[in-house]
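Architecture at a glance
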Amino acid sequence: MTPPTDKDVSDVRDVREPGATSVDVVLPCLDEAAALPWVLDRIPPGWRAVVVDNGSTDGSADIARALGASVVHEARRGFGAACHAGLTAATADVVCFCDCDASLDPADLVPFAKRIRAGEADLVLGRRRPRTRGAWPLHARAGNLALARLLRRRTGLRLHDLGPLRAARREPLLSLDLTDRRSGYPLQMVVRAADAGWRIAEYDVPYRPRAGASKVTGTWRGTWQAVRDMSRVLAEPPVEPQVREGVRP
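A few points about the environment of Pro-164
Within the secondary structure layout, Pro-164 lies in the loop between α6 (138–155) and β6 (166–169). A sequence separation of 21 residues divides Pro-164 from Tyr-185, and the C-alpha atoms of the two residues are 9.8 Å apart. For Pro-164, the residues in contact, after removing those within four places along its chain, are Phe-79, Phe-97, Cys-98, Asp-99, Leu-104 and Arg-128.

Here it is in structure tokens:
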């Protein structure tokens, strides 16, 4: 485990200063018993982990609860269903999302939340940088590249990755009225945010080999299904964000 740098400690202290915005981290979870201890240990001090159990059979929910996380159960299968259940269960002003498979470090979200709180960006995404050759399979990387190009064509955004590590304010996220409950959820968030004129930023983050088998991009077939879901999202016409009292942007 890499020790925090002085900058990391400074960033965490800034998030926790008196009157600072609290942060919830949504962790969609399906059979991640092996990864949960490491992931939850990396949640920044003072933040809350919201583990959304999406039908695990390996005791993931019990492990998460024993380690101090808030646990939400979402019966409807799907990455988007789990993410959205976590978003609606969150109570903090700033909400982050992170995979629960130990491929991404929740501690890397500290500068994301800092930029959101400072009003420097409305949505911050993590650009994955593989730590090892096997961390990001070729077929998954190729699918991500193709979608990034399609996204640029659809919105004009010059993003490099559509990864799951991200942060934004809760109420504006809810105002996007996200409807996809499968693999297209992360992309739909970006597309609708772009249509709404949000300022979207990227941060480089380390990407590690995940614990266990991937439920989405572990195979060519899974990757193809994810690309199909996301292509459907890109074909949607622009949707006006819902008007919610006190919401910005």
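Focus on the confidence of the model for the chain
Atom-level detail of predicted coordinates should not be read off regions where pLDDT is low. Summing up the model confidence of the chain, the mean pLDDT is 83 and the portion of residues at 70 or higher is 79%. Across residues 1–21, confidence stays below pLDDT 50; counting only partners more than four residues off in sequence or on other chains, it has 27 contacts.

Some thoughts on the environment of Leu-173
Mapped onto the secondary structure, Leu-173 falls in helix α7 (residues 170–175). Here the alpha-carbon distance between Leu-173 and Leu-123, two residues 50 residues apart in the chain, equals 9.1 Å. Ignoring anything within four residues of it in the chain, the contact list for Leu-173 reads Leu-87, Phe-97, Ala-168, Met-189 and Trp-198.

Thoughts on the nonpolar core
Leu-123, Leu-187 and Ile-200 are the most contacted members of the largest nonpolar core, which totals 34 residues. Those elements that place two or more of their residues in this core are β2 (48–53), α4 (79–89), β4 (94–97), β5 (123–130), α6, α7, α8 (185–195) and α9 (220–234). Sorting elements by how many residues they give to this core places α8 first, with 6 residues. Other than its neighbours up to four places away in sequence, Leu-123 contacts Ile-116, Arg-166, Ala-167, Ala-168, Met-189, Val-190, Ala-193, Trp-198, Arg-199, Ile-200 and Ala-201. Ala-35, Leu-40, Phe-112 and Leu-165 belong to the second largest nonpolar core, which has 32 residues in total.

Overview of the state of the cysteines
Where two cysteines share a covalent bond between their sulfur atoms, that bond is called a disulfide. Going through the model one piece at a time under the given rule, you end up with 0 disulfides. Counting only cysteine sulfurs, Cys-100 is the nearest neighbor of Cys-98, a cysteine outside any disulfide, at a range of 7.7 Å. The closest cysteine sulfur to the non-disulfide-bonded Cys-100 is located on Cys-29, 4.4 Å from its own sulfur. Judged by relative accessible area, Cys-100 falls into the buried class, the value being 2%.

Structural notes on the pairing of β5
The sheet contact formed by β5 and β6 spans 3 bridges and is antiparallel. Of the residues in β6, the one forming a bridge with Val-124 is Ala-167. Both β5 and strand β7 (residues 200–207) contribute to a ladder of 8 bridges, which runs parallel. Residue pairing across strands places Pro-130 opposite Tyr-207, the latter belonging to β7.

Quick word on the sheet that holds β2
Sheet architecture is open: 7 strands sit in the order β3-β2-β1-β4-β6-β5-β7, paired in mixed fashion. Edge positions in the sheet fall to β3 (70–73) and β7, since each has one partner strand and no second. Pairwise comparison of adjacent strand axes, ignoring direction, gives a mean angle of 20° for this sheet. Contacts from helix α5 (residues 110–117) reach β1 (23–29), β4, β5, β6 and β7 within the one sheet, and its direction differs from that of β6 by about 25°. Along the sheet, α8 contacts β4, β5, β6 and β7; its crossing angle with β5, the most-contacted strand, is approximately 135°.

Quick word on unusual backbone geometry
Of note in the backbone geometry, Asp-31 takes a positive phi value of approximately 55° without being a glycine. Along the polypeptide, Asp-31 turns up in the loop between β1 and α2 (36–41). Residue classification places Asp-31 among the partly exposed positions, given a relative accessible area of 31%. For Asp-177, which is not glycine, the phi torsion reads 55° and is therefore positive. Of note, Asp-177 is situated in the loop between α7 and α8.

About the thresholds
- Residues numbered from 1 in each chain as written.
- Predicted model: local features only at pLDDT ≥ 70, side-chain atom pairs only at ≥ 80, totals over all residues.
- Heavy atoms only, no water.
- Helix = DSSP H or I, 4+ residues; strand = E, 2+ residues; numbered from the N terminus.
- Contact = heavy atoms within 4.5 Å.
- pLDDT = per-residue confidence, 0-100.
- Core = buried A, V, L, I, M, F, W, Y, C linked by side-chain atoms within 4.5 Å.
- Buried < 20%, exposed > 50% of the residue type's maximum accessible area, 1.4 Å probe, protein only.
- Disulfide = S-S within 2.5 Å.
- Pairing = 2+ DSSP bridges.
- Axes fitted to C-alpha atoms, helices over the stretch in contact; angles between N-to-C directions.

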